Amino acid sequence: MTIQDMKQTEFKEATLSEWEQVAVKSLKGKSLESLSTKTLEEIILKPLYSLADLENMSIQQTNSIRSAKQTADWLIAQQATGNTSEDILIDLQDSLAKGNNIIHYKLEAHHQWTKSQLEELSALVELHPVLLDISHDPTFIHSFKTIKGAVKGSSDTDMPHTRTVYLDGTAIHQAGGDAVSELVSVLLQADYMTQKSSIERIAEKAFAQFSVDTNFFMEIAKIRAFRVLWKAFGEAHGQENINAIPVHAETSLRSFSALDATVNILRAANSTLAAVLGGADSVTSFPHDILTSANPTSKRIARNMQLVLKEETHIQRVMDASGGSYYIETLTKQLVEKAWALFLELIKEKSFELATVKLQERAESKWEEQLETLATRKKSLIGTNVYANPDDSLIFKLNDTGYKRLAEPFEQLRQAFLSNPLITAIFPYGLLKEYKARMDFVSGYLTSIGLKSIVAPENLKPFEMQKWIDENEIDYGVFVGNDEQSAGLVPAILNENISIPLDVAGQFEEYADWLEAGLNGRIFAGQSLFEKGFELLALAKKEDSNDHA
């Protein structure tokens with residue numbers, strides 16, 4: 001086929017109905033609705049989106065988003081770290097020379113700046129925009145003659161070229177909130193500050209900050225939704241053409257884990273790209289080892305994530321690159337509608353404080369929901385609740401980041417089993433091909449809560465099992481076999497009154513009878529890792545496991 005022939009080749013346009021028919025055929029009896037999923041924000045995600053989803057969508061949504069930025073580019077805002085002010089200066093100078101665009105610095109109590117150091121810092125501030133957190137000492141802002149950018153912790157709203165009204169969407173995210181909660185939190189703060197000042201002043205001096213997690217498309221839609229909501233907020237306060245405000249994004253640490261920490265590189269890269277595609281004006285990518293102690297290499301990797309995106313993908317040349325996607329536009333619209341409805345509900349509260357309490361309660365509920373999906377493995381945290389490395393050990397003290405992290409319960413269990421070891425064995429029965437899948441599941445399940453498993457010789461007879469247990473000083477075991485093997489052999493093993501607590505892998509109708517005969521418990525898909533983990537920890541501590549149920 002020639003190139004001319006290829007250019008003239010046409011393909012029949014597939015209709016939505018045809019796509020649905022193919023999908024239903026591949027589902028082998030399941031309904032098309034079974035492919036839909038419900039998000040933390042209570043939005044139903046469909047398996048397929050089409051132009052029809054945009055029929056009732058106002059063009060103003062896309063226009064509001066695209067008019068919020070003058071350029072498709074964004075600023076790299078890697079945070080300077082160090083134990084002393086001298087360390088901070090060295091880190092800032094190095095990062096600015098290697099691609100960082102912003103002086104991003106949080107003032108700490110132990111950072112004692114000398115006059116000469118402040119002069120060096122001031123010289124840098126004259127050349128670069130800033131993102132400063134001076135909550136510890138608001139007077140620090142007076143160290144600079146001129147300053148351009150955004151400052152947290154300062155009540156000085158008269159400084160030209162400096163935004164000092166901080167709209168914080170990160171705090172509610174750190175507490176476990178969903179995307180709707182974050183958007184509403186920012187709107188509530190903006191409304192409260194507008195009542196104390198004016199909408200014109202807030203629009204002139206405000207900037208917003210969001211944490212961006214690994215739920216890629218939701219996070220893109222979240223930042224886009226904020227642009228639409230900000231315009232609606234302005235209109236509600238009589239400002240039809242309210243100016244857009246800068247949005248700073250930081251990669252969320254909610255999904256970061258100290259276990260298999262290099263996976264955090266992928267999480268941060270995912271979040272960074274989502275922030276950029278969502279339209280953030282500046283982005284901070286946290287190093288993958290920030291939970292322990294970031295080093296020059298990890299900080300360089302984090303900075304280079306953004307540099308590679310700019311130099312290799314050129315997405316900084318495309319305004320609203322995700323705009324027009326049926327899925328993302330629909331998701332943006334749904335977030336806008338849900339956030340605005342909740343905002344209107346909460347501003348009816350008697351005070352800003354009461355509204356904030358309601359939002360915090362929602363965040364706590366969403367957090368518990370996330371932990372439940374993680375504990376039952378409906379959601380995967382690679383290297384933590386699935387594909388855990390049995391040789392991972394937490395030998396370092398973890399830094400307090402302010403984030404509630406999904407991996408923390410697993411890290412705590414790992415630490416606890418280091419202090420209270422439980423020598424664990426898997427007893428396989430039957431043919432390898434019959435029990436291997438179940439054995440691998442049990443091994444991975446136990447590893448994720450901090451227990452390494454020794455696999456016993458297969459098909460041990462009950463009296464042989466006790467001898468092997470004694471020789472290997474086993475504390476706890478799991479019987480693994482197919483359903484037929486388990487139904488026949490578990491009662492026989494229990495009749496031998498072996499000396500250790502024994503669980504069975506799988507769910508069986510005879511389970512209640514086996515418990516009466518002395519079975520300790522079971523391990524099965526969908527079981528809470530946390531509940532089982534604390535139950536086994538009680539065994540290791542020789543406690544009553546019912547105390548941790």
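None of the values given here were measured: they were computed from a predicted structure. (Residues numbered from 1 in each chain as written. Predicted model: local features only at pLDDT ≥ 70, side-chain atom pairs only at ≥ 80, totals over all residues. Heavy atoms only, no water.)

**Student:** Give a detailed account of the sheet that holds strand β6 (residues 149-152), specifying residues and quantitative values.
**Tutor:** Here four strands make up an open sheet; going across it, the order is β4-β5-β6-β7 and the pairing parallel. Both edges of this open sheet fall to β4 (103-106) and β7 (162-163), since each of them pairs with a single strand only. (Pairing = 2+ DSSP bridges. Helix = DSSP H or I, 4+ residues; strand = E, 2+ residues; numbered from the N terminus.)

**Student:** Explain a negative patch on the surface to me, and be specific about the residues and the numbers.
**Tutor:** There is a patch of like negative charges on the surface, built from Glu86, Asp87, Glu119 and Glu120. Those elements giving two or more residues to the negative patch turn out to be α4 (85-97) and α5 (115-127). Mapped onto the fold, Glu120 is located in helix α5. For Glu120, a relative accessible area of 39% corresponds to the partly exposed category. (Patch = residues over 30% accessible without salt bridge, like charges linked within 9 Å, V, L, I, M, F, W, Y side chains within 5 Å. Areas by Shrake-Rupley, 256 points an atom, 1.4 Å probe, with all protein chains shown as cover. Salt bridge = Lys/Arg side-chain N within 4 Å of Asp/Glu carboxyl O. Lys, Arg positive; Asp, Glu negative; His and termini not counted. Charge placed at Lys NZ, Arg CZ, Asp CG, Glu CD. Buried < 20%, exposed > 50% of the residue type's maximum accessible area, 1.4 Å probe, protein only.)

**Student:** Quick rundown of the layout of surface pockets? Include the residues and the values.
**Tutor:** One number sums up the size of the largest pocket: a volume of about 1,400 Å³. In terms of lining, the largest pocket is formed by 46 residues, of which the most central are Gln79, Ala80, Thr81, Phe286 and Ile290. Within the residue set of the lining of the largest pocket, elements represented by two or more residues are α4, β4, β8 (165-168), α6 (170-174), β10 (247-251) and α11 (296-313). Across the lining of the largest pocket, the residue classes break down as twelve nonpolar, 20 polar and 14 charged. Considering only enclosed or pocket space, the second largest pocket measures out at about 750 Å³ in volume. As for the second largest pocket, its lining consists of 28 residues, of which Leu75, Arg163, Pro246, Val247 and Asp281 are closest to the centre. Among the elements of the structure, β5 (130-133), β6, β7 and β10 are those that each provide at least two residues to the lining of the second largest pocket. Partitioned by chemical class, the residues of the lining of the second largest pocket number 13 nonpolar, nine polar and six charged. (1 Å grid on protein atoms, 1.4 Å probe; cavity = no way out; pocket = protein on both sides within 12 Å on 5 of 7 lines; lining within 4 Å. Points joined across faces, edges and corners; volume = space filled by probe spheres on them. Nonpolar A, V, L, I, M, F, W, Y, C, P; charged D, E, K, R; others polar.)

**Student:** Break down helix α10 (residues 263-278) for me, citing the residues and quoting the values.
**Tutor:** Given 3.6 residues per turn, any residue in an α-helix points the same way as the ones three and four places further on. Taking 1.5 Å per residue as the helical rise, α10 with its 16 residues ought to reach 22 Å, and the 23 Å between its terminal C-alpha atoms agrees with that figure. All buried positions along α10 are accounted for by Val263, Asn264, Arg267, Ala268, Ser271, Thr272, Ala274, Ala275, Val276, Leu277 and Gly278. Contacts made by the buried residues of α10 are with β9 (206-212), α9 (216-236), β10, β11 (282-284) and α11. One or two steps after α10, the chain reaches Gly279, where phi turns positive at roughly 105°. (Expected span 1.5 Å × (residues − 1). Contact = heavy atoms within 4.5 Å.)

**Student:** Can you tell me about empty space enclosed by the protein, naming the residues and giving the values?
**Tutor:** Counting across every chain of the model gives one cavity of 30 Å³ or more. Volume-wise, the largest cavity comes out at about 140 Å³. In terms of lining residues, the largest cavity is bounded by 14 residues, among which Val276, Leu277, Gly279, Met319 and Asp320 are the most central. Taken together, the elements giving at least two residues each to the lining of the largest cavity come down to α3 (59-66) and α10. With three residues, the single largest contributor to the lining of the largest cavity is α10. When its residues are assigned to classes, the lining of the largest cavity shows eight nonpolar, two polar and four charged.

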